[in-house]
Amino acid sequence: MTFMKPSVTAPADGRTDPAEPVENSAGQPRTADGFLLPVPDEDGAPFWAYAARGELRVQACADCGELRFPPRPCCPHCQSFASEWRRMSGRGRIWSYVRPHPPLLPAYAALAPYHAIVVELAEAPRIRLVGNLVSSPDAALNSVPPERVRIGAAVKVAFHAVADGVTVPRWLLERP
Ligand SMILES: [Zn+2]
C-alpha cells in the first residue's frame, strides 16, 4: 500500500512510455511491478512536490496558523483561503496500524503480511498520515518483523522513489 489521499482525480497526462507509470482498467495508476501510485489533486499536489524533494510538509492556514490535513482550499477554523506549506520534523508515533493479508492486489499479496501504519505527527498530534513501516527507505514492504510493531512506537519519515518523479513518504522505527 502506498500513501493515498482519500479523494483523488485521475490524471490526464497521456503517458505512453512503458517506463512511466501505467493505469489499470479502473484508472488507478500503478508502477510497472504493480504497486499503486498516488494521484495528486490540485490541493494535494504540493504535498507530493515537496515529498519529491525529501521534505514532509503539511498545509497550514496563513492567517490563523492551524495545520490541516488532507489539504483543502479553506481553513476549517477561520475560513481563510490563504495557506502555506509548513515543513515538519518528520518525527511521530504509530497511532494505529494494520497488517494486511490476502486477498490483495498481486504485488501486495506477494509481500503480505506487511504494515500500513497511521502516524501521529510530533508537531500536530491531530494530523495523522498513512504510510508503510519499513526498515530502510527503499526496503521491501515486509521488511519490519511483526514483533517490532506496537502502538506508540516512535517513527521518523523516509522518502522512497516509487516511479519516475513520484516519491512517497514511508516510516522507519526510531529504535529498530
Ligand atoms: Zn485559519
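Residues numbered from 1 in each chain as written. Predicted model: local features only at pLDDT ≥ 70, side-chain atom pairs only at ≥ 80, totals over all residues.

Asks: Is there a simple way to explain the overall build of the chain in this structure?
Replies: Broken down by element type, the chain carries 2 helices and 10 strands. If you list the helices and strands of the chain from N to C, you get β-β-α-β-β-β-β-α-β-β-β-β. Across the 176 residues that make up the chain, the buried fraction comes to 22%. For the chain, contacts bridging at least 24 residues in sequence account for 52% of all contacts bridging at least 6. (Helix = DSSP H or I, 4+ residues; strand = E, 2+ residues; numbered from the N terminus. Buried ≥ 20, exposed ≤ 12 C-beta atoms within 10 Å, placed from the backbone. Contact = placed C-beta atoms within 7 Å.)

Asks: Looking at this model, I keep getting lost on the sheet that holds strand S5 (residues 83-87). Mind explaining?
Replies: Where strands meet in a sheet, backbone hydrogen bonds hold them as pairs that are either parallel or antiparallel. With antiparallel pairing, 3 strands are arranged side by side in an open sheet as S4-S3-S5. The open sheet terminates on both sides in strands that have one partner only, identified here as strand S4 (67-68) and S5. Pairing between strand S3 (residues 57-61) and S4: 2 bridges, direction antiparallel. By the bridge assignment, Gln59 is partnered in S4 with Arg68. (Pairing = 2+ DSSP bridges.)

Asks: Would you mind showing me how to read the pairing of strand S9 (residues 154-163) here?
Replies: Consecutive side chains along a regular strand alternate between the two faces of the sheet. Note: strand S6 (residues 91-98) against S9, 3 bridges, orientation antiparallel. Within S9, the residue paired with Arg91 across the bridge is Lys156. As paired elements, S9 and strand S10 (residues 166-173) share 8 bridges and run antiparallel to each other. Within the sheet, the bridge partner assigned to Phe159 lies in S10 and is Pro169. The hairpin turn running from S9 into S10, its antiparallel successor, is 2 residues long, and Gly165 in that turn takes a positive phi close to 75°.

Asks: Please explain the nonpolar core as it appears in this structure.
Replies: The tendency in soluble globular proteins is for nonpolar side chains to be buried side by side. Residues Ile117, Val119, Leu133, Val155 and Trp171 are the most contacted members of the largest nonpolar core, which totals 18 residues. When residues of this core are traced back to their parent elements, those giving at least two are strand S7 (116-121), strand S8 (128-132) and S9. Aside from chain neighbours lying at most four places away, what touches Val155 is Gly92, Arg93, Ile94, Val119, Leu133, Trp171, Leu172, Leu173 and Glu174. (Core = buried A, V, L, I, M, F, W, Y, C linked by C-beta atoms within 7 Å.)

Asks: When you look at unusual backbone geometry in this model, what are you seeing that I'm missing?
Replies: Excluding glycine, most residues fall at negative phi; most peptide bonds, likewise, are trans. At the junction of Pro102 and Pro103, the peptide bond is cis and its omega measures out at 10° in the coordinates. By the secondary structure assignment, Pro103 is in the loop between S6 and helix H2 (106-109). Here Ala112 and Pro113 are connected by a cis peptide whose omega angle stands at -5°.

Asks: How should the environment of Ala107 be read in this particular structure?
Replies: Relative to the helices and strands, Ala107 resides in helix H2. Residue contacts for Ala107: discarding those within four places in its chain leaves Asp33, Gly34 and Phe35.

Asks: In this structure, what is going on with the sheet that holds S6? I would like to understand it.
Replies: A sheet is described by the order of its strands in space; here 5 strands give the open sequence S8-S7-S6-S9-S10, paired in antiparallel fashion. In this open sheet, the two strands that pair with only one neighbour each are S8 and S10. Pairwise comparison of adjacent strand axes, ignoring direction, gives a mean angle of 45° for this sheet. (Axes fitted to C-alpha atoms, helices over the stretch in contact; angles between N-to-C directions.)

Asks: What is the right way to look at the environment of Leu56 in this model?
Replies: In this structure, Leu56 sits in the loop between helix H1 (45-52) and S3. The spacing of Leu56 and Phe159 is 103 residues in sequence and 9.0 Å in space, taken between C-alpha atoms. For Leu56, the contacting residues outside a window of four places in its chain are Met88, Gly90, Val157 and Pro169.

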